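Report on the structure
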Amino acid sequence: AFLIVQTSYMFNQRVKIKQLLSGTDKASAVGSEVVVMGWVRTFRNNQFIALNDGSTNNNLQVVATLGLLDDATLKNITTGASLKVTGEVVASLGKGQKVELKANTIELLGVSDAEKYPLQPKKHSLEFLREIAHLRFRTNTFGSVFRVRHSLAFAVHQFFNEKGFVYLHTPIITSSDAEGAGEMFRVTTLPVDGSAAKNESGEIDFKEDFFGKSTNLTVSGQLEGELGAMAFSEIYTFGPTFRAENSNTARHLAEFWMIEPEVAFNDIEDNMNLAEEFIQYLIRYAMKHNMEDLEFLDARLAEEEKQKPQAERSEMGLIEKLKFVTDNQFERITYTEAIQILLDSPAYKKKKFKYDVSWGIDMQSEHERYLVEKHFKKPVIVTGYPAAIKAFYMRMNDGCEPGKETVAAMDILAPGIGEIVGGSQREERLEKLEARMKDFHIPVEEMSWYLDTRRFGSVPHAGFGLGFERMVQFVSGMTNIRDVIPFARTPKNCEF
Ligand code: 4AD
Ligand code: MG
């Protein structure tokens, strides 16, 4: 027998504004009666309501014939108020839209006190909007940014799914420091008032803690990802990562999202190819599915650029830049070549760099930006970094000059962003890996689970991490990373 589900007229039987405005949707073709719901952007002449439901930046013009509304309702149709409108779709005479809605009934769902509502129909600064991040989704800029962010996240899964990768959920709470960088947030249930039990040497006794050991929020899912790759061949992670680095910059967050593919049998070359293909795929996906938002962001960026002195303006518009990146191969150079380019640069000769340049330095963002923005004017993949400045798990390059040891690392540097990807071929040789761990004072015994991958069927493998917010920055053209994540966590700031 069939179960007959009775359908009643639901409150939520509404048509999305994007769908309605497209003019191609049958259910909301000219002449049909529809229900729309959304928030008032503006209300003019007691008659014209610009209604937005977040499906697009384009507002639906709702026309309330004079006399339809009583004075109390009229008074309450203010910016930010929410409405349910039933009406007839009619061809629009106004420019900019094909159709509008001739209201039959307008129901006020929620009022919004015009005196108190912080979002006025005018341009607000990004800094101000950051303080009211709970409301900024209702602006055109953030509407576009977060629809693009959504698309990119979806595209990440689609890309790897199409390639047969397994999405592996690596832990958020861990007892290992994947990067060996030590910039971790501690996770504990021990009291913070000084009453936590101490051991003989006077240190806090983590045996008493929730997990019976010291734990932290993950800085990377890579090491666990490698365990997965040693069985599935190809995995990726996509999750939040946490770094307690005290960097107050436009590219650093304390909580950010990272995508980390890890592939057995790949070498550094394959790794670069995968990363380049992945970035280009994400951009193409956004260009295919979010053109309207990208056009808005392109115009927004062009406005912003106009405020800058000529010399600092970027040569390409946003969409032009995105097309350029999908249509052109990334430049590939070694670290040694990068240093030479910097040493030969007019910027170096004129002492324009704040930080010195020599073989062995960890390149500063001014150096990275010089390479991508001034020298190559395109994304650059740098390989073969000095072993001393890179993580313990990166594969030692063979045949290096003593004192000039390099590893099979790769960073991808993007115009306007700097480092967007960090990755490497991994050290699959047990003895070499153990030696590196000792150099870095990493407790080999505690990491024995990791070393097991090198003991039992070790294979060459490689992977990388793409900073998701930096990718969203690149595609949206937003200059500050705080504006591409809904609620930014940065030093001394954890609102909402
Ligand atoms: O270069 P990172 O530190 O590499 C790793 O974590 C490796 N375990 C990745 C791997 O090989 N599986 O970080 C990778 C990327 C950076 O290139 C950058 O895009 C981003 O993560 N990132 C940050 N994004 C925002 N805020 C921060 N504080 C970031 N730190 C790194
Ligand atoms: Mg890095």
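Presented here is an overview of the structure given in this document. (Residues numbered from 1 in each chain as written. Chains lettered and ligands numbered in written order. Predicted model: local features only at pLDDT ≥ 70, side-chain atom pairs only at ≥ 80, totals over all residues. Heavy atoms only, no water.)

Assigned secondary structure in the protein consists of 14 helices and 16 strands. With respect to the principal axes defined by its C-alpha atoms, the protein has extents near 85 × 60 × 55 Å. When contacts within the protein are restricted to residue pairs at least 6 apart in sequence, long-range pairs at least 24 apart make up 68% of them. Approximately 25,200 Å² of the protein is accessible, and the part contributed by carbon and sulfur atoms is 53%. Seen as two clouds, the 58 positive and the 69 negative side-chain charges of the protein have centres 6 Å apart. (Helix = DSSP H or I, 4+ residues; strand = E, 2+ residues; numbered from the N terminus. Contact = heavy atoms within 4.5 Å. Areas by Shrake-Rupley, 256 points an atom, 1.4 Å probe, with all protein chains shown as cover. Lys, Arg positive; Asp, Glu negative; His and termini not counted. Charge placed at Lys NZ, Arg CZ, Asp CG, Glu CD.)

Another point: unusual backbone geometry. Although it is not a glycine, Asn45 sits at a positive phi angle of roughly 50°. With phi around 55°, Asn46 is a residue other than glycine that occupies positive phi space. Relative to the elements of secondary structure, Asn46 occurs in the loop between β1 (33-44) and β2 (48-52). Taking relative accessible area as the criterion, Asn46 reaches 43% and is therefore assigned partly exposed. (Buried < 20%, exposed > 50% of the residue type's maximum accessible area, 1.4 Å probe, protein only.)

Taken together, 24 residues lie near ligand 1, and Glu179, Gln222, Arg243, Glu260 and Glu419 sit nearest. Between ligand 1 and Arg426 there is a distance of 2.9 Å, counted from an oxygen atom to a side-chain nitrogen or oxygen. When ligand 1 is considered free in solution it has 630 Å² of accessible area, and contact with the protein chains removes 93% of it. When contributions to the shell around ligand 1 are tallied by element, the ones reaching two or more residues are β11 (255-264), β15 (418-425) and β16 (461-467). (Near = heavy atom within 4 Å. Polar contact = N/O pair within 3.5 Å; in protein donor to acceptor, adjacent residues only side chain to side chain.)

Attention now goes to the side chain of Gln280. Within the secondary structure layout, Gln280 lies in helix α6 (residues 268-289). Look at Gln280 and you get buried, because its relative accessible area is 11%. One polar contact links the side chain of Gln280 to the main-chain carbonyl oxygen of Val325, over a distance of 3.0 Å. When residues no more than four places from it in sequence are discounted, the contact partners of Gln280 are Val325, Thr326, Asn328 and Phe330.

Taken in spatial order, the eight strands line up as β6-β10-β11-β16-β15-β14-β13-β12 in an open sheet, and their pairing is mixed. This sheet does not close on itself; its edge strands, each paired only once, are β6 (166-167) and β12 (331-334). With five bridges joining them, β15 and β16 adopt antiparallel strand pairing. Bridging from a neighbouring strand, Ser424 pairs with Gly463 of β16. Those strands touched by α6 are β11, β12, β13 (380-386), β14 (406-414), β15 and β16, and its axis lies near 30° from that of β16. Running over the sheet, helix α14 (residues 468-476) touches β10 (234-242), β11, β14, β15 and β16 and is turned about 60° from β16. (Pairing = 2+ DSSP bridges. Axes fitted to C-alpha atoms, helices over the stretch in contact; angles between N-to-C directions.)

Once that is clear, we can look at the side chain of Thr237. Positionally, Thr237 belongs in strand β10. If we skip the residues at most four places from it in the chain, Thr237 touches Tyr167, Leu168, Thr170, Gly221, Met258, Ile259 and Glu260.

Strand order in this closed barrel of five strands is β1-β2-β3-β5-β4, and the pairing throughout is mixed. Averaged over all pairs of adjacent strands, the angle between their axes in this sheet comes to 55°, without regard to strand direction. Sheet analysis places β1 next to β2, joined by five bridges and oriented antiparallel. Among the inter-strand pairings, Phe43 is bridged to a residue of β2, identified as Ile49.

Here we take up α6. The end-to-end C-alpha separation of α6 is 32 Å, in line with the 32 Å expected for 22 residues at 1.5 Å each. For α6, the N-terminal cap is Asp267; the gap from its side-chain oxygen to the backbone nitrogen of Glu269 is 3.1 Å. (Expected span 1.5 Å × (residues − 1).)

Between helix α4 (residues 140-162) and α14, the least distance of the axes is 10 Å, while the angle of their chain directions is 125°. Put simply, α4 runs oblique to α14. Every pair of crossing elements has a handedness; the one defined by α4 and α14 is right-handed. Mapping the contact onto sequence places Val145, Val148, Arg149, Leu152, Ala153 and Val156 in α4 and Phe468, Glu469, Met471, Val472, Val475 and Ser476 in α14. Its residues assigned to classes, the contact of α4 with α14 shows nine nonpolar, one polar and two charged. (Parallel < 35°, antiparallel > 145°, perpendicular 65-115°, else oblique. Left-handed = near helix turned anticlockwise from the far one by under 90°. Nonpolar A, V, L, I, M, F, W, Y, C, P; charged D, E, K, R; others polar.)

Moving on: the environment of Leu274. Within the secondary structure, Leu274 sits in helix α6. By relative accessible area, which is 8% here, Leu274 ends up buried. Counting along the chain gives 187 residues from Leu274 to Gly87, while the straight-line C-alpha distance between them is 51 Å. What Leu274 contacts, discounting residues up to four positions off in sequence, is Phe159, Lys163, Phe165, Pro261, Val263 and Phe464.

Before going further, it helps to spend a moment on the packing of helix α12 (residues 430-439) against helix α13 (residues 448-455). Axis separation between α12 and α13 bottoms out at 9 Å; the angle between their running directions is 155°. Regarding the angle of α12 to α13, the classification is roughly antiparallel. For the pair α12 and α13, the contacting residues are Leu430, Leu433, Glu434 and Met437 in the first and Tyr450, Leu451, Arg454 and Arg455 in the second.

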